[in-house]
Each structure stands twice: as structure tokens, then as C-alpha cells.
Amino acid sequence: MSDQTQTISASTPVTGLAGLNAAQRAAVTHGDGPLLIIAGAGTGKTTVIAHRIAYLITVKRVRPEQVLALTFTEKAAAEMERRVDLLVPYGFTDTWISTFHAFGDRVLRDHALVLGLSPDFRLLTAAEQVIFFQEHLFEFPLHYFRPLGNPMRHVQSLLQLFSRAKDEDVGPEQYASYAEELARRAMASPDDKALAERAEREVEIARTYHQYQELMARNGKLDFGDLMTRTLALLREHPLVLQRLQERFRYILVDEFQDTNYAQFQIVKLLTASHRNVTVVGDDDQSIFKFRGASISNILSFRREFPEAETVVLVENYRSTPSVLGAAYRLIQHNNPDRLEYQEGIDKRLRPCSGDGPAVESMAFQTYQEEADWVAGKVEELVEANACALGSIAILVRRNSDADPLLRALNMKGIPWSFSGARGLYDREEIRLVVSFLRLLADPHDSLSLFHLAGSDIYGMPAADLTLCNAYARRKHRSLYEVLLDLTRRPGAVPELSGVSTEGVAAATAILTDLHRYLEKAVREVTGRILYEFLMEQPGYGKRLLHSNSPRDHQRVGNLALFFGLVQRFGEVAPQDRVAGFVPYLTMLIEAGENPPVAEGEAAEEGVAVLTLHKAKGLEYEAVFLVGLVEKRFPSIDRREAIPLPDELIKETLPSGDFHLQEERRLFYVGMTRAKRYLFLTRARDYGTKREWKRSRFLVEALALPKEEEERPWRGTPEAAIGRYAPPLHTANDLAVRADTPLSLSHYKIDDYLTCPLKYKYVHILRVPVLRDHTVIYGAALHRAVQAYNTHRIAGQTMSLEDLIDTFEAHWVNEGFISREHEERRLQEGRDALTRFHAVAGIRPPPTSVEKRFSFQLDDDIVTGFLDRVDEREGETVIIDYKSSSVRDHKAADKGARESQQLALYALAYWKSVGRLPDRVELHFLTSGGVIVGHAVKKEKELDQAIDRIREAAIGIRGGLFQAKPSQWVCDFCAFRTICPATVWIGERQG
Ligand code: ATP
Ligand code: MG
């Protein structure tokens, strides 16, 4: 290569240009000015960026530090660095190759003083943002979005909204003027109630947004969105800084441009405004991170902003076989007309460079486990046939939580894997154990943690003994700690505990001795030290792990090390690093959805890559499996933003079609086009719920299948089928109920079992004592008051409002509230609700009965419960249940009554006792705005459903089947989520 060469012709061999096709060369050697590269998957877009960087540095003699390359993920940035490294013969360490966020972070730290920021501002993770919000919860001007029954309910949604607003470059001022305008319009048309409500909410949001920014700034904190908006502000408000940065970065290149957001594009525009040397590469069909599916918005606005831009289209695909590309192309056509190819007449049909390959294979199975088994088997087959190396195979899942059965199936065959979605540090048993230990030090009466630790490998207290102690603790309203104290200090003194084995007493003694010793130390020493000593002093634990040769144990040690890192981070910021302070901090992190990745396993062997489709962007594999291809999983159900950013504030061009479906289709397209040679599309009929799952419409589109007929699902081998009936993980058959003893069931027991059998086991069999939630306390106190009022009425008396409120307050317990302020407000809410109740309660004739117990037999079991209130008048019977939760309006209340399983069971109970259905069932919601009543009539069909539910629960409980049924929705509200091995944490549903 000639050092002086400035002009390139096709005949001049230049580093890195060999092997590129003409269009790629044109792009790489493009001179100054804007360049737009639009091209489908696998056409060498990323390759072109890497080559162009090398070309600029080696041929155009651009100094490395004058080049800025922006990518979408850290992984992509690292990969880009690696490629450039290979192309440039000498170091180029001064070239900035980074993500947008990392770029913003660096620029802001360099110019912090100009902005009045501290140069070591703290960037909050999503979880830390939630904690920050919680710490300042009552400093926000919130009302509608802070219901006292669940004051944190909208926090995540609000934060998400702010983040969206930042993506769109909408600051608090702009939000405020929008909200004010809305309020003005509402004032002008006083009859428009809906508008008034909308305006009120938007004003509340605008003020909260403003306050959030204020508080964050005052505390020296930034969030991810701020990295972009503050950088923009810097460039806009400080022309000198802008000029310096423009002079510094003479060439800017952006990969995956289709997914940059509005604010990021503004940054690129400002930085290149003086020289316009900007190269962007993108594929609208692979846009999978954009706000409301604005997939072509960026490329269109790039053309608008840089009308002189040269456009290069790449069509030769070097990655995949014709069959893969054909299927992918057929699929993506279904997004027309919201595609560039369609709108701009750009031909994006990819021309394969490779010869024929195997056909795309589609398989159907009965269950997900069979599907997973097949995938694992196929992986093995490919490797054994030398078709591909293990590391060049990928299994792509829609959500992280879909990976479990796959990983299990791979484990069964001894196939190594790496799962990039493995967050889950807090879900690891070794971490749960140390967390339980720390929680116990912060509060010895935390029975849940004591239960967990006592039963663990470390102390090994027998389950039967623990159950005995738990049950006794519950009955006596004492903590497990107090019960174990009794057990060990006064053996034999408590007859109920006489059944505890000597082994059990010894374990209890060991744990209490340790606990007392560490409690004393914890006052004086830092968290990390306490933790370390605890681990090392357990002969069977820490030391054994350290000296073990098993890779699993190594990973355990790795995880513990990661946890120590977390403890250290706390130590750096906490005013005083003690266990008592660390535990609430950790709890808040966990509640806010933080769950860092686990330690990487031993990378001795390369393994199959298991990852989400979102993470697979830009990557390629010899063989790709797309699994779980059924409707409602892929395409997934549209989860709209809980609090949407108003359309008026959106600056992007939005698509005309169903944007969710289109985005899912693009995701599918991304998945398919990762495959070089083998592509397998699999699905099952049964994903663990009763319904039958239908094949994904994307399968039909990609493979041009006939719409109507479904092929017969492939059946698993008999061995696999039998294997599925092996005892599940959490079955303890000794807990099964003997066939000849009747079960005693109630609405709550049935509901708990059907919600999650493992939860049932914790609550009703192991009887693990838990702290009560504040909603339970509120509800119970309110119920007691209303019950007292109704009882008086039956006796012909009327309770005064004062007495009513006194009763309420007498049953109040100060437990589980978020803060003192929260408790005060909640008390007041209860008083208000009762005042409204008192004002109308006298109008209705007195009840016939209050807290009426019922009991009936079904098969061999007994179902019991209490009816809050029954009214019988003029031959009409109404069953009433009081609710302390709030409800929007009568319509919602009616819906609640219609769908209430509890009321169906009560109707069944009534039918069992008098042989006919009640005329009506009602839910009375006691809200501070008044009593809202929902009505429904229960039909026989619903009684049958209630019977089915009872039977389903009874069969499971009798059989000792207590396998967890984790889901986001269930786990979020479960008191056992900190110790349960199956918990699904917030955020896991995202990619
Ligand atoms: P995606 O749309 O998935 O991001 P891309 O357009 O960025 O893909 P690359 O990842 O750059 O495509 O390239 C796809 C594959 O094709 C890579 O394996 C790359 O090495 C190869 N490739 C690119 N250009 C050529 C070429 N001219 N000759 C041979 N192989 C090439
Ligand atoms: Mg790429």
C-alpha cells in the first residue's frame, strides 16, 4: 500500500478493500459528506463501517481520534473494535467506538463543570431510579398516580414515561406547556368530562416530571435518558463546546441507525452540522427497539436533514442460504406498506451468494418439554455429524423466561451452553442463603429468613420439625425465633413442641448460637466482613466450596464474589456500612427489579448460545433455532405503555398499521436472518396452561403454509412422556394427605393453590410466618368496623360515626407501611371511607346476617367460609362481600362482581344449604369517595366452574403436588418471593 495514495481505483489494492463488492467499496471509499447505506440483513453493513473506519485512518490519513463510531450495544462496540483492529496495522486506541450512552457519559463527565454537574455524578440503574423515587415518594405532587393502597403502583410506569419523553427530546418544560394547553382547553369546554380528567392527569404528570428532574439534579444523579438529553443541552447551550467537538470528531459513523431514537439523532445532527461527514447504516426491517414501531422514521428524517446524502444499497447477502432468505423475505413483505422498500421503491430483496442449503425445517410438538428435548437432540446430531461447531449454534427465545426448559434439556444431554439472559444472581440458592442470613441479622424476628436458613444445607433442620415450630408460632402469634428460643432454652416446657426430634433441637441450637454471635458483631463490623466470616466459619460450606473441583461449585463461588462486589458498592456510598443498613438497601434493589447476571460458568468448552431475539441483533450463527412459535407468545401480546406519551409530543413518523404486530414480525425477521445455513422453527401445543396454543401466524407467512390446516403435532417418545410424570422438583410426598381424611378447604386455600401450589405449601402446610402487608392491615381494620356496625344494626341499634372510626383505629396495626407518612395518609383514607359509608349505610334495611359461617361437603372434602353479609327481603336473597380495595366506577365494580370466584363459591355454598341460587351477589367497595356497589347474578354454569376449581385444588393437595407456577403477576404479589426458588422477578419479561 502506498502511503501517499489518496484516490482509490478498483485496481489499487488497499488494506481491507480486497474481497468487497462494488457497492461496498463505493460506500467504504465515499469521500466527504453524508452517506446513507440502506440494506437488508447480512449484506455487510457492519463490515462496511469497520472497513470505512480503517480506510479513513490508513488511506485518508484521518487521525484515529477524529473518528467516532456509534453502535447499539456494548457487545457490538467490542466486536467493531475487534474488526477494526484486524484491519488497521497499528494501534488506533484513540478512535472512539462506543454506544450512544457511553459517549454521552464521557462527554458529560468531561464537561460537567460547564453544566454545573459534579464530574462524578452517579448514574442510576433502573432499580436505583425506583428506589430514588420511593425515597422521595411524598415529595412528588402526586394524587391520581399515587393510590394509598399501593403507593408505588405507578412508579415504574412514570419512570418509563419520563424515559420515553427523553428519547423524544421532550423536557419537563415542553411537557408542562402541553399539559397547560390541555387544561386551558378543558376550562373552555366544561362539559367535556373526559377532557377534564385527561388534563388533570397530564398536569400531574408534568409537575412530577419537573420535580423528578429537580430532585435528581439536586442529588447529583442522572438516569440513562439524561445521558442523551443533557448531552443535547450541552451542545445546544454551549456553542463553544459544540464547536470543539465538531472539530474533534471529523467523521461520525452510526451502525444500526434504524434504532437510534430522536434525541440521539439530534446529537448526531449537531455534531456533524459543520462538516456533514456522517455515515449511517440501517435496515428498517430490523428495527426492533423503536418507540411505537417508528421503524422508517429515522431513515426518512435522515434524507430530509441531509438531502445531499449519497445513498448506497447493498443487496448481496453473504450470510445465508437461498432457503433462509426466501422465507425471511416472504415474511417481511407482510409489513407493507410501512416499509422503505415499498414506500421508496428501494429493492431490498436479498441475493444469496451461497449455493443451496437445507430447507427451513418446521416442527410441532405436544409439550414445550418435548420441543426442548428435540432441540437438544438436534444440536447433538448437528455436532456429531460435524455439520457445525457447538459455538456456532444459537437457540433464540422470545423472552428470557422461555429458556428454562431448553437449558434443562441441554443439561440432560450434557451439552454445554451459555445463556446471555442469565440475570438471576439473587435467585441462586447460594445467594439466597447469605441474603437470608443478613436479613436475619437485621431482624431476628424475620421468620421467613430464619425458616429458610434453618432448613438449608448449612443447618439442616428436618422439615417436619420446622413445620411443627412454624405452626406453633402462627397459633401463638409469635415469631419463629421466639419459638426456637423456647425450644432450645426450655426443652420440654412446651408440650406442643415435644414432637421435635433431637436432631431438630440440635440444629436450632446451632443456628441460634451463630445468630447471637453475629448479631453482636454486626453492630461493630462492616457488612462484607460479617458475611465473609459467616461463610468461612461454616465448615460444610464456604471452605468446602473454595476447595471443590466441581465447576458448579466454582460458579457458586463466582456468584458469591459478585455479591461481595455489591456489598462493597454499598459500603462506598453508605454513610455507615452495617448489615442493618445494607438489608433495606438490598430489599429495595430487589423489589425494584434489579437482578444482576450470574457469574459466567467455566468457559473451558464453548457452548450453544441461548439468547433472546433482541440480543441476537447483528450476530450470525451456522444453525439457528427459533422456539415457542405460537400465537400470543410470538407474536407476543401487546403490552401497551401503562402511561403512554401523548401523541402530540411524539416527533417521529409513526406507522399506519398495527405497530406491535409489525415490530414482532421484524423481530422474527431478525431471528431468521441470523442463520447461515440451518434454520429450525419449532413450537408446541401445550405451554403449561390449559389452553391449546395455535401456531404463530409468522410461520404461516414465512413458509407460505396453507392457512387452514394444521399439521398433526409430533408426539414425544414414550420415555419422554413417562419422564414427565416423575416427581416434580418441589414435591414432597410425605406432605400428601391421606385419602381417608377429608380436606378442609376455603376460598383462600383454593385460590392460593390454583394461583401457585408452592405458595399454598408455604402458607398452609409449612405455615411460614410472614409479615403482614399493609393492604391486609387496612382491609382487616375496615372490615372489623363495618362488621361491628352491621351487627349493631341487626340488634336494632345504630353506631355513631365516632364509634365506627374508633373501632377501625382499634384494629389498626402499625406494620408494613412504606413510611410514617404513608401510614398517616392511609389511616385518613380509612376514616374518610367510613364516613362515606356511615352516611349511606342507614338507608338500606338492616342485614339478615353478618359474618355467617357456611360449610358444605363436596366429594370427601369440606369447604368452609364466612359471608360478610346476607340480606333477605321479600323473598329476595343478596350475598354481599365488602372490599377495601378501590375501584374506578360502577362498571368496573360490576365487572369485579361478575368475575369474582369468591362470590361464585359463596353462591355455591348458598345453593348447597337452601337448594337454590341467591338472587344477586354484590361487592361493596369502601372507597374514600363513597361506597361503590357492583352487582352480578351467578348462574349454574358458574357454580359448576366453582366445583371444578375446588376439585382441581383438592386433587393437587391430596397428591402432594406443590410445584411452583411462577409468573410475573403472581410473584410480584407473593410474600415468599425472597426465599422461593422459582420466583420470576420484575423485568424478566423484557429481552
Ligand atoms: P445485519 O443486518 O445482520 O447487521 P450486516 O449487514 O451488518 O448484517 P455483516 O455482519 O457485516 O452484515 O456481514 C454478514 C456476513 O457477511 C459476515 O459474515 C461478513 O463477514 C460477510 N461478508 C460481508 N461482506 C462480504 C464480502 N464482500 N465477501 C464475503 N463475505 C462478506
Ligand atoms: Mg450489522
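Note that the structure is predicted; figures quoted are calculated from it, not measured.

Novice: Sorry if this is basic, but what is going on with the site of ligand 1 here?
Specialist: Surveying the vicinity of ligand 1 reveals 19 residues, the closest of which are Lys 45, Thr 47, Gln 286, Glu 620 and Arg 674. At 2.6 Å, a side-chain N or O of Lys 45 approaches an oxygen atom of ligand 1. The separation between a nitrogen atom of ligand 1 and a polar side-chain atom of Tyr 318 is 3.4 Å. Against a free-state accessible area of 630 Å², the protein chains account for coverage of 82% of ligand 1.

Novice: What am I meant to see in the packing of helix 20 (residues 463-475) against helix 21 (residues 480-489) here?
Specialist: Think of two packed helices as two axes; the pair is described by the angle between the axes and how far apart they sit. Look at helix 20 against helix 21: their axes get within 9 Å of each other, and the N-to-C directions meet at 115°. In the packing of helix 20 onto helix 21, the handedness of the crossing is right-handed. For the pair helix 20 and helix 21, the contacting residues are Leu 466, Cys 469, Asn 470, Tyr 472 and Ala 473 in the first and Leu 480, Val 483, Leu 484 and Leu 487 in the second.

Novice: Honestly, the state of the cysteines in this entry has me stumped. Any pointers?
Specialist: Here a disulfide denotes a covalent bond joining the sulfur atom of one cysteine to the sulfur atom of another. As enumerated under the stated definition, the model contains zero disulfides in all. Here Cys 974 is not disulfide-linked; the sulfur of Cys 756 is the nearest cysteine sulfur, at 6.5 Å. Residue classification places Cys 974 among the buried residues on the basis of a relative accessible area of 11%.

Novice: Please clarify how the confidence of the model for the chain should be interpreted in this entry.
Specialist: Segments scoring low in pLDDT should not have their predicted coordinates read at a detailed level. Considering every residue of the chain, the mean pLDDT works out to 86; 92% of them sit at 70 or more. Taken as a whole, residues 714-737 scores under 50 in pLDDT and shows 33 contacts with residues more than four places along the chain or in a different chain. Within the model, the stretch residues 986-991 combines pLDDT values under 50 with 23 contacts to residues more than four positions away or in other chains.

Novice: Is there a simple way to think about helix 34 (residues 801-810) in this case?
Specialist: Every α-helix winds through 3.6 residues per turn, so residues three or four apart in the chain are directed the same way. Within helix 34, burial applies to Leu 804, Ile 805, Thr 807 and Phe 808. Each buried residue of helix 34 sits inside an arc of 155° when the element is viewed along its axis, so together they form one side. Among the exposed residues of helix 34, those pointing more than 90 degrees away from its buried face are Glu 802 and Ala 810. Buried residues along helix 34 sit in contact with helix 33 (774-794) and helix 35 (820-841).

Novice: How do you make sense of the pairing of strand 16 (residues 675-686) when you look at a structure like this?
Specialist: Side chains on a regular strand alternate between the two faces of the sheet. Alignment of strand 11 (residues 361-367) against strand 16, held across six bridges, turns out to be parallel. From the neighbouring strand, Thr 367 faces strand 16, where its bridge partner is Asp 686. Pairing of strand 15 (residues 621-626) with strand 16 involves five bridges; the strand directions are parallel. Its bridge partner lying in strand 16, Tyr 621 is registered against Ala 675. The β-α-β motif built from strand 15, the intervening helix 28 (residues 659-672) and the parallel element strand 16 has right-handed crossover chirality.

Novice: Could you clarify how one ought to interpret the packing of helix 2 (residues 45-58) against helix 3 (residues 74-87) in this entry?
Specialist: Across the interface, helix 2 lies against helix 3 with an axial gap of 9 Å and an inter-helix angle of 50°. Classified by the angle between their axes, helix 2 and helix 3 sit oblique to one another. Viewed along their axes, helix 2 and helix 3 form a crossing whose handedness is right-handed. Across from Thr 46, Thr 47, Ile 49, Ala 50, His 51, Ile 53 and Ala 54 in helix 2, the residues of helix 3 making contact are Met 80, Arg 83, Val 84 and Leu 87. When its residues are assigned to classes, the contact of helix 2 with helix 3 shows seven nonpolar, three polar and one charged.

Novice: Explanation requested: the domain arrangement of the chain in the structure shown.
Specialist: When the parts come together, some accessible area is lost, and that loss is often what is quoted as the size of the interface. Domain annotation for the chain reports domain 1 (3-112 + 228-318), domain 2 (122-219), domain 3 (359-417 + 608-645 + 654-723), domain 4 (426-460 + 503-591) and domain 5 (774-952). For domain 2 versus domain 4, the separation of C-alpha centres amounts to 39 Å. Listed by partner, the interface residues are six residues for domain 2 and five residues for domain 4. For the pair domain 2 and domain 4, the summed buried surface comes to about 560 Å²; carbon and sulfur atoms form 58% of the total. Joining domain 2 to domain 4, the criterion identifies zero salt bridges. Our enumeration of links across domain 2 and domain 4 arrives at zero residue pairs in polar contact (both at pLDDT 80 or more). Of the residues in the side of domain 2 that touches domain 4, the class split is two nonpolar, one polar and three charged.

Novice: What's the story with the pairing of strand 20 (residues 876-883) in this structure? I'm lost.
Specialist: Among the eight residues in strand 20, six count as buried, and that is most of the element. Remark: two residues form the turn of the hairpin made by strand 19 (residues 861-873) and strand 20, two consecutive strands paired antiparallel; Glu 874 in that turn has positive phi of roughly 45°.

Novice: Explain the side chain of Thr 272 here, please?
Specialist: As for its placement among the helices and strands, Thr 272 is situated in helix 12 (residues 262-272). Contacts of Thr 272, omitting those with residues within four sequence positions, involve Ile 252, Asn 277, Val 278 and Phe 306.

Novice: Any chance you could explain the sheet that holds strand 3 (residues 96-99) here in plain terms?
Specialist: The strands that make up a sheet pair up through hydrogen bonds in the backbone, lying either parallel or antiparallel. One open sheet holds the six strands; their spatial order is 3-2-6-7-1-8, and the pairing between them is parallel. Two strands close off the open sheet at either side, each with one partner strand: strand 3 and strand 8 (310-314). Recorded for the sheet is a direction-independent mean angle of 15° between the axes of neighbouring strands. Summarising the sheet, strand 2 (residues 67-71) and strand 6 (residues 251-254) pair through four bridges and their orientation is parallel. Bridge pairing in strand 6 places Val 67 opposite Tyr 251. The strands touched by helix 4 (residues 100-110) within the sheet are strand 2, strand 3 and strand 6, with strand 3 carrying the most contacts at an inclination of about 110°.

Definitions and limits used
- Residues numbered from 1 in each chain as written.
- Chains lettered and ligands numbered in written order.
- Predicted model: local features only at pLDDT ≥ 70, side-chain atom pairs only at ≥ 80, totals over all residues.
- Heavy atoms only, no water.
- Near = heavy atom within 4 Å.
- Polar contact = N/O pair within 3.5 Å; in protein donor to acceptor, adjacent residues only side chain to side chain.
- Areas by Shrake-Rupley, 256 points an atom, 1.4 Å probe, with all protein chains shown as cover.
- Axes fitted to C-alpha atoms, helices over the stretch in contact; angles between N-to-C directions.
- Helix = DSSP H or I, 4+ residues; strand = E, 2+ residues; numbered from the N terminus.
- Left-handed = near helix turned anticlockwise from the far one by under 90°.
- Contact = heavy atoms within 4.5 Å.
- Disulfide = S-S within 2.5 Å.
- Buried < 20%, exposed > 50% of the residue type's maximum accessible area, 1.4 Å probe, protein only.
- pLDDT = per-residue confidence, 0-100.
- Arc of directions from axis to C-beta.
- Pairing = 2+ DSSP bridges.
- Right-handed = clockwise from strand over helix to strand, strands pointing away.
- Parallel < 35°, antiparallel > 145°, perpendicular 65-115°, else oblique.
- Nonpolar A, V, L, I, M, F, W, Y, C, P; charged D, E, K, R; others polar.
- Domains from an automatic or database assignment.
- Buried area = accessible area lost by both parts, 1.4 Å probe.
- Salt bridge = Lys/Arg side-chain N within 4 Å of Asp/Glu carboxyl O.

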